[in-house]
Amino acid sequence: MASLLEINQLKTSIKHAKGQLTIVDGISLVLDKGETLGVVGESGCGKSVTSLSIMRLLGKNAALEGEIRFNNRNLLSLSEKEMQKVRGNEIAMIFQEPMTSLNPLHYIGKQIAEPLIRHMSLGKREAKERVIALLKLVGIPRAEEIYHEYPHQLSGGMRQRVMIAMAMACNPKLLIADEPTTALDVTIQAQILELMKKVNKESGTALLLITHDLGVVAEMCDRVVVMYAGQIVEEADVRSLFQQPRHPYTVGLMASIPEVTSSQERLSSIPGTVPLLHEMPSGCRFAPRCAQAMEICRQQKPELISVTERHKCRCWLYAEGE
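Since the model is a prediction, treat every value here as computed from it, not as a measurement.

Right, let's get into the overall build of the chain. Secondary structure summary: the chain contains twelve helices and twelve strands in total. Scaling as 2.2 N^0.38, a compact globule of 322 residues should have a C-alpha radius of gyration of about 20 Å, and the chain matches this with 21 Å. Reported as C-alpha extents along the three principal axes, the dimensions of the chain are approximately 65 × 50 × 45 Å. Counting the 322 residues in the chain, one finds 48% classified as buried. Taking contacts inside the chain between residues at least 6 apart in sequence as the whole, the part at least 24 apart equals 62%. Entry remark: accessible area of the chain is about 16,300 Å², with carbon and sulfur atoms responsible for 49%. Looking at charge distribution, the chain has the averaged site of its 37 positive side-chain charges lying 7 Å from that of its 36 negative ones.

Structure (structure tokens):
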């Protein structure tokens, strides 16, 4: 059975004063129908650019190479008009910042109804009924009143629920959620995650969840890929990743999670910072920050190899014969 989404050697670069800068460098991943895949890594690793590449929402100064196969069609070969039929209809996205993702000039109902009218050719009355049903589905009280309200009248959590309602309007096969709980308090975060779980389970919508929060990954995902400096450095099912992280970067991320039962006064941290796009190391990109770095790490780029049947790692520690 073909996967719903299959990315092969995706390379995303942008024109810059310093030349052509590569942000996402040759990533490959697979997402099956109804599956939840987490993409995790610190800020600047290329997570959000990967999602925008799938949606083809990057500027004209961006260049995409490789393949993004969705339902066995290469999205990179579609025209802009064809992509407009895919966006919001077959693939929907919940953007990172609910405070700025909604149009302040239009009331909530009109914004959610737009994809229904455009993609499903519903009349205004039918669209309104569907919008009110969606608002109730995502747990918004007073749905009939909220329909006529504007974004500034809603709290951050309510706006995020509106974004999810908008994303689910046309029953997409794939939902991309880019940091869906950013800037929300812990109680609202839990409600939003529970809502997304419900959507995933009841509608069979596959979920690509982009986050830097490993707690969210443990709660939500079936599998996870860890990104660093534009590359996937580790890929595994969630249980394997948390029980036995392989890549030194993932190990560092795990060690930085605070434990309630621990008495340590200072949290562990990974020294250094993510390398700049125009100053990538010639060997392993994590080598300058890695306590286990060897001479080969500084000279040659490691490949993403299978450590076990369901666990991949980009590290010379697991190279053949090591």
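Turning our attention to helix H4 (residues 108–120). It helps to recall that an α-helix has 3.6 residues per turn; residues three or four apart then point in one direction. The end-to-end C-alpha separation of H4 is 19 Å, in line with the 18 Å expected for 13 residues at 1.5 Å each. Residues of H4 that are buried: Ile108, Gly109, Gln111, Ile112, Ala113, Pro115 and Leu116. Buried residues in H4 make contact with helix H5 (124–137), helix H6 (143–146) and helix H7 (156–168). Phi turns positive one or two residues past the end of H4, at serine 121, with a value near 55 degrees.

This brings us to the side chain of glutamate 35. Among the secondary structure elements, glutamate 35 is positioned in the loop between strand S2 (19–31) and strand S3 (36–40). Since its relative accessible area comes to 11%, glutamate 35 is described here as buried. Here arginine 223 takes part through its side chain, which lies 2.6 Å from a polar atom of the side chain of glutamate 35. If we ignore the near neighbours within four places in the chain, the residues touching glutamate 35 are Val30, Asn200, Ala206, Leu207, Asp222 and Arg223.

Rules behind the numbers
Residues numbered from 1 in each chain as written. Predicted model: local features only at pLDDT ≥ 70, side-chain atom pairs only at ≥ 80, totals over all residues. Heavy atoms only, no water. Helix = DSSP H or I, 4+ residues; strand = E, 2+ residues; numbered from the N terminus. Rg over C-alpha atoms; globule rule 2.2 N^0.38 Å. Buried < 20%, exposed > 50% of the residue type's maximum accessible area, 1.4 Å probe, protein only. Contact = heavy atoms within 4.5 Å. Areas by Shrake-Rupley, 256 points an atom, 1.4 Å probe, with all protein chains shown as cover. Lys, Arg positive; Asp, Glu negative; His and termini not counted. Charge placed at Lys NZ, Arg CZ, Asp CG, Glu CD. Expected span 1.5 Å × (residues − 1). Polar contact = N/O pair within 3.5 Å; in protein donor to acceptor, adjacent residues only side chain to side chain.

Function cannot be read off these values alone, since they describe shape.
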